[in-house]
Amino acid sequence: MAAGNLPRSRIAPRKWAALTALFAALCVAPFLLSNFSVFQLTLVLAYAIVLLGLNMLTGYNGQISLGHGAFYAIGAYVAAILMDHYGVPYWLTLPAAAAVCLVAGFLFGLPALRLEGPYLALATFALAVALPQLLKHKALQPWTGGVEGITLVKPDAPFGLPLNADRWLYFFSLAVAIGMFFLGRNLLRGRIGRAMVAIRDNPIAAEAMGIDIALYKSLTFGVSAMFTGVGGALGAIAVQFVAPDSFNVFLSIAFLVGVVVGGLATVQGAVYGALFIQFVPNIADRISKAAPWAIYGIMVILFMYLAPGGVASFIHRISERWRRRT
Amino acid sequence: MDTFLAQFLAGLATGGIYASLALALVMIHQATRLVNFAQGELAMFSTYIAWSLVQAGIPYWVAFGLTLLISFAAGIAIDRLLLRPVRGSPALPMVVVFIGLLVILNSVAGWIYTYTVRPFPSPFPSEPLFGQHYISSHDLGAIGVTLAMLAAIYAFFRFTPLGLAMRAAAQNPESARLVGIRVGWMRALGWGLACAIGAAAGMMVAPIVFLDPNMMSGVLLYAFAAALIGGIDDPFGAVFGGFFVGVLENLLGAYVIGQELKLTVALVVIVAVLVVKPSGLFGRTLARRV
Amino acid sequence: MKHAKALASFTLAVACAAAPAYAQKKYDPGASDTEIKIGQTMPYSGPASAYGTIGRVEAAYFKMINEKGGINGRKLELISIDDGYSPPRTVEATRRLVEQDEVLFEFQPLGTAPNVAIHKYMNAKKVPQLFVATGATMWGDPKHFPWTMGWQPSYQTEGKIYAKDILANHPNAKIGVLYQNDDYGKDLLKGLKDGLGAKASSMIVKEASYEVTDPSIDSQILSLKDSGADVFVNIATPKFAALAIRKVYDSGWKPVHYLNNVSLSIGAVLKPAGLEKSVGLITAAYLKDATDPEWANDPAMNEYKAFLKKYYPEANVADSSNVYGYSAAMTLVQVLKQCGDDLTRANVMKQAASLKHLQLPLARPGIEVNTGPDDFFPFEAEQLARFDGQRWVAYGKVIE
């Protein structure tokens, strides 16, 4: 079955050390790197939150989604509309995006309950394709700005902190990401997580044991969409622009590729996947100007050859082998 | 009434496009239990090969036949070579491999042939049949080819031992092996046939929508929907689904909701159908032993 | 004493003569004695990838210029990045070009949404967003956005020209419009409506849109025919324009048919649709069509075709995007020539806003490029022409 188990209850001291070192590195990085690289890292953080959400749905709960770009778009537009039309401060748009997407995901999850495998894939794919068309529609234009979209302003550091806008947004996103990861981990560690995995591995047995499949599947959709929406809002603020063209079908496909390459049903897989989504197209572009997406496709396939369980399981295998040796 | 008939027939013409690609999707699912997202790009690439052959001076039907053979061989090669390392992986890594294949094919086609839109020859006459205004000869011919393929596929699965062996290999590989069926080759055969069907679909579609690397990207979603609506394992269902989706979309756009929302509404209708009948209109719900 | 004075004044004179050469060499990031770095974002992949050829033909043109010695001794380096027509990728690529690659300016970034995404950023950073490759009307606003300039005639201008022609020649017409459901289609439609003024709502009886991903537009054409329209305005990109021309003819509908100039190529659009089905089409053009027999013996056209053969052999000669890119690149070369040794970003904008009566070889006769400090629309004029089955025949005057 899919690689990755539920997060263990206690984090081993070895892991705490690694996480602390990582945290320190992430805090120092923006002062060593250019503003442009800081911007790129902010996007990685946003994508990591998205992939954590998608991983809950697809990795832990076994429901495939080819449509998470739509929830990303909804989160982004909620943030943009609130900031542009109503002057809402940027940090308040994140809980708003989370709330809207939670409801949207849950409402989508309800009818999708009866759909499995390719049928669910089609339904979510349809969502990803339909949303940009809806966003362009005349009736919604006064809100969404139509094809020309909405431009946003990046927030400055508060309390006069000596950070430029890029760095401040990075630290803000880092805090949000850490918060969301803890939230996600706790969700997965508890009853909800166990119910999700039970539904994925053996739905009939799960139902026999009293788990309300309909409720949990829809709830998972909702929570997954919620995470993705928060990532979308952060992404919109970082890029400072939203338009229907920003959220095409390929975004949803890229998210799915990211979560599988990163490692299904693992928390750290979201981070690896986010790095993949952000940097591999750039690398591919440097390798071949003529057909960069062919290089991207080849890399995707190579990753699947070498690590069908994702980067997370690959690293796990390597670290196990290393530990056994020493 | 006149226009309604014209819209309906135009819907059938577009539906024929969806149906032909949907048949390829059904074939690949019969053989592998997977939906191959790269099927559209494979069909597009086959059509470019056909185009190159025609440009080189080879007569149309010879090029058509050659392309079918090349696509068949390529399909088998893809299964035996490309997919070998991920054999036995769960579904999602396979799906991601298909996505990788999709992206590679699109990019390479754009690199070799550039993104300029090109006309593709049609073997059918350019004057409409009986001089009517509703549907062109090519549209009718393409529908005819689709129906012929449908008949051939149905006959293959229903009446030939090979077809039975392929279905058995896909549904229960263990038992099939015990009976002496070479499961690996059955799957490869399925791939080859699916690619050949896709090639035929592409060559019928290209004269209608013009040939360019993004030719199939709009069609894939509809073909996918058509295949599922009809029940993913049923070729008749796929063709019916294709026509259904084509006509639905046209009539919705012309009479109900306007062009700007017809895609959304069509998809909502399709998803609604699936929610009511989760295995598609003609699919069979499988009862599983617990 | 006398000699000393003469020597002093002579030295002074020499020094003054030499001084301008030193004093005027001014560089902003991206410019040096040997090269000028130019940034660009283009859709080389994705649904708009057909336009990627514009970037390629421009790169080829700069290669040719470099082989001839460059401009004022400096080679042109075009750094063109694929953004797939996705604004977030455009933002990332643009930031990379400005902050990492440190280009002097951006040339012909393509697409309305992508350019809107970087509009404020470029103006805040004071980096020229020059000759933007889209016809949206918003790019000619020097008061608020002094660092952004368009190039082609705006879509609204084109729509107004068709409206004028309809009002003049078919004042009681019923108009049906097919348009692509994006900024370009909607902008042209707006221009048409503005040009018709108060009569717009009564004259336009049906508007039908389509998406770039639609496999067929037969349904839209049938609806338009059914509405009783006798004038058809075809706002579609080449592939869909050809489909529309074909279906209009096949369905037996015979309206007065206006075709927007993105799709006027005889080789790329009219021939695939069917030349006999395209007789009577009207367009408003500003560039020459490489497949129009009208220009078969035109020396400028022959020079262009030779250029393609040598520097961009895989190009499709019938593709009007290549004429577009070639002409835009020529305009830029003129601007850079005018800059001389003052290669600051401010001077680049200043020279771009000082183009007077520039008749590009592949622009239609009488259609010039003109810019000024208040006029950030290089191309404004267009020429109406009708297709007679073989060539585009101009009629009427050049319209501003």
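Residues numbered from 1 in each chain as written. Chains lettered and ligands numbered in written order. Predicted model: local features only at pLDDT ≥ 70, side-chain atom pairs only at ≥ 80, totals over all residues.

**Observations concerning the overall build of chain C**
The condition is simple: Under the scheme used here, helices are H or I runs from DSSP no shorter than 4 residues and strands are E runs no shorter than 2 residues, and both carry numbers assigned from the N terminus. Within these notes, the globule rule equals 2.2 Å times the number of residues to the 0.38 power, and the radius of gyration is based on C-alpha atoms. Around each residue's C-beta, the other C-beta atoms within 10 Å are counted; 20 or more make the residue buried, 12 or fewer make it exposed, and counts in between make it partly exposed. All C-beta atoms are placed from the backbone.
Each helix and strand in chain C was counted, giving 13 helices and 14 strands. Since a compact globule built from 400 residues should have a radius of gyration of about 21 Å, the 23 Å found for chain C is in line with a globular shape. Considering only C-alpha atoms, chain C reaches an extent of 95 × 45 × 45 Å along its principal axes. Evaluated residue by residue, chain C yields a buried proportion of 58% over its 400 residues.

**Things to note about helix H9 (residues 238–250) of chain C**
Residues and elements named next belong to chain C. Spelled out, the test is: A helix is expected to reach a length of 1.5 Å times the quantity of its residues less one. C-beta atoms are placed from the backbone for every residue, and two residues are taken to be in contact when these atoms lie within 7 Å.
Between its first and last C-alpha, H9 extends 18 Å over 13 residues, near the 18 Å set by a 1.5 Å rise per residue. Within H9, 12 of the 13 residues are buried, which leaves it mostly tucked inside the rest of the structure. Buried within H9 we find Pro238, Lys239, Phe240, Ala241, Ala242, Leu243, Ala244, Ile245, Arg246, Lys247, Val248 and Asp250. Packing partners of the buried residues in H9 comprise strand S7 (175–180), strand S8 (204–210), helix H8 (218–226), strand S9 (231–235), strand S10 (256–259) and helix H10 (266–273). Positive backbone phi, approximately 85°, marks glycine 252, located one or two places after H9.

**Examining the confidence of the model for chain B**
Quick reminder of the rule: pLDDT measures the predictor's confidence residue by residue and takes values from 0 up to 100.
With 97% of its residues at a pLDDT of at least 70, chain B reaches an overall mean of 87. For chain B, per-element mean pLDDT is lowest for helix H11 (residues 262–276) of chain B, which scores 82, and highest for helix H2 (residues 39–55) of chain B, which scores 95.

**Let's talk about the confidence of the model for chain C**
In this model, chain C carries a mean pLDDT of 90, and residues with pLDDT of at least 70 account for 94%. Scored below 50 in pLDDT, residues 18–22 of chain C shows 0 contacts in the model against residues more than four places distant or in partner chains.

**Topic: the domain arrangement of chain C**
Residues and elements named next belong to chain C. Going by this rule: Where each domain begins and ends follows an automated or database-derived domain assignment. Residue classes follow a fixed rule: Ala, Val, Leu, Ile, Met, Phe, Trp, Tyr, Cys and Pro count as nonpolar, while Asp, Glu, Lys and Arg count as charged, and any other residue, Gly among them, counts as polar.
By domain assignment, chain C separates into domain 1 (35–153 + 298–381) and domain 2 (156–285). Taking the mean C-alpha position of each, domain 1 and domain 2 sit 29 Å from one another. Counting from both sides, the interface comprises 14 residues of domain 1 and, opposite them, 13 residues of domain 2. Residues of the side of domain 1 that touches domain 2, tallied by class, amount to 6 nonpolar, 5 polar and 3 charged.

**A word on helix H8 (residues 183–209) of chain B**
All names here are of chain B. With 27 residues, H8 extends 38 Å from end C-alpha to end C-alpha; this agrees with the ideal 39 Å at 1.5 Å per step. Within H8, 24 of the 27 residues are buried, which leaves the element mostly enclosed by the surrounding structure. Just beyond H8, the residue with positive phi is phenylalanine 210, at close to 70°.

**Structural notes on the sheet that holds strand S4 (residues 105–107) of chain C**
All names here are of chain C. What counts here: Think of it this way: DSSP has to see at least two bridges between two strands before they count as a pair. For helices, the fitted axis covers only the stretch in contact; all axes are lines through C-alpha atoms, and the angles between them, taken along N-to-C directions, range from 0 to 180 degrees.
Reading across from one edge, S3-S2-S4-S5-S6 is the order of the 5 strands in this open sheet, with parallel pairing throughout. Here the strands that pair on one side only, and so sit at the sheet edges, are strand S3 (75–82) and strand S6 (148–150). The mean inter-strand angle of the sheet, taken between neighbouring strand axes irrespective of direction, is 25°. Pairing of strand S2 (residues 35–42) with S4, which is carried by 2 bridges, proceeds in the parallel orientation. When the bridges of S4 are listed, glycine 39 appears paired with glutamate 106.

**Topic: the interface of chain B and chain A**
Accessible area lost when the parts come together is the quantity often used to give the size of an interface. Each partner contributes residues to the interface: chain B has 34 residues there, and chain A has 35 residues. Where the side of chain B that touches chain A is concerned, the elements lending two or more residues are helix H4 (91–113), helix H9 (217–229) and H11 of chain B. With 13 residues, the single largest contributor to the side of chain B that touches chain A is H4 of chain B. Broken down by class, the residue content of the side of chain B that touches chain A amounts to 28 nonpolar, 5 polar and 1 charged.

**Observations regarding the interface of chain B and chain C**
Listed by partner, the interface residues are 31 residues for chain B and 31 residues for chain C. Mapped by element, the contributors of at least two residues to the side of chain B that touches chain C are helix H1 (2–32), H4, H8, H9 and helix H10 (235–256) of chain B. With 7 residues, the single largest contributor to the side of chain B that touches chain C is H1 of chain B. Its residues placed into classes, the side of chain B that touches chain C shows 14 nonpolar, 15 polar and 2 charged.

**Observations concerning the environment of asparagine 106 of chain B**
In this structure, asparagine 106 of chain B sits in helix H4. Sequence separation between asparagine 106 of chain B and leucine 178 of chain B is 72 residues; the distance between their C-alpha atoms is 40 Å. In contact with asparagine 106 of chain B, other than residues within four places in its own chain, are Trp293 of chain A together with Glu41 and Pro213 of chain B.

**Here's the deal with the environment of methionine 122 of chain C**
All names here are of chain C. Topologically, methionine 122 is positioned in helix H4 (residues 112–125). For the pair methionine 122 and threonine 148, spaced 26 residues apart in sequence, the C-alpha to C-alpha distance is 7.9 Å. Not counting the four nearest positions on each side in its chain, methionine 122 is found in contact with Glu106, Val127, Gln129, Trp147 and Thr148.

**Some details on the nonpolar core**
Here is the rule we go by: Put simply, a nonpolar core is a cluster of buried Ala, Val, Leu, Ile, Met, Phe, Trp, Tyr and Cys residues tied together by C-beta atoms within 7 Å.
Core analysis: the largest hydrophobic core is formed by 346 residues, its most contacted members being Ala22, Leu23, Ala223 and Ala226 of chain B. Sorting elements by how many residues they give to this core places H8 of chain B first, with 18 residues.

**Digging into the environment of leucine 129 of chain B**
Residue and element names in this part refer to chain B. Residue placement: leucine 129 occurs in the loop between H4 and helix H5 (137–159). Taking the C-alpha atoms as reference, leucine 129 lies 8.7 Å from leucine 140; in sequence the two are 11 residues apart. If we skip the residues at most four places from it in the chain, leucine 129 touches Ser137 and Leu140.

**Description of the pairing of strand S13 (residues 382–387) of chain C**
Side chains on a regular strand alternate between the two faces of the sheet. Residue and element names in this part refer to chain C. Where burial is concerned, most of S13 is hidden: 5 out of the 6 residues are buried. Of the pairings in the sheet, the one linking strand S11 (residues 282–285) to S13 comprises 4 bridges and is antiparallel in character. Its bridge partner lying in S13, threonine 283 is registered against alanine 385. With 5 bridges connecting them, S13 and strand S14 (residues 392–399) associate as antiparallel partners. For alanine 385, the partnering residue across the bridge sits in S14 and is alanine 394.

**Focus: unusual backbone geometry**
In this structure, arginine 33 of chain B takes a positive phi of about 65° despite not being glycine. Tracing the chain through its elements places arginine 33 of chain B in the loop between H1 and H2. You will see that lysine 126 of chain C, though not glycine, has its phi angle at about 60°, which is positive. Under the C-beta neighbour-count criterion, lysine 126 of chain C is labelled exposed, with 12 such atoms within 10 Å.

**Here's the deal with the packing of H1 of chain B against H9 of chain B**
Residues and elements named next belong to chain B. Keep this limit in mind: Each angle is binned into one of four classes, with values under 35 degrees roughly parallel, values over 145 roughly antiparallel, values of 65 to 115 roughly perpendicular, and all other values oblique. The hand of a helix crossing depends on one turn: near helix anticlockwise from the far one by less than a right angle means left-handed, and clockwise means right-handed.
Relative to each other, H1 and H9 sit at 65°, their axes nearing to 8 Å. By the angle between their directions, the pair H1 and H9 is classed as roughly perpendicular. Along this stretch, H1 crosses H9, giving a crossing that reads as right-handed. Two secondary-structure elements touch here, H1 through Ile17, Tyr18, Ala19, Leu21, Ala22, Leu25 and Val26 and H9 through Val219, Tyr222, Ala223, Phe224, Ala226 and Ala227. Taken together, the residues of the contact of H1 with H9 sort by class into 13 nonpolar, no polar and no charged.

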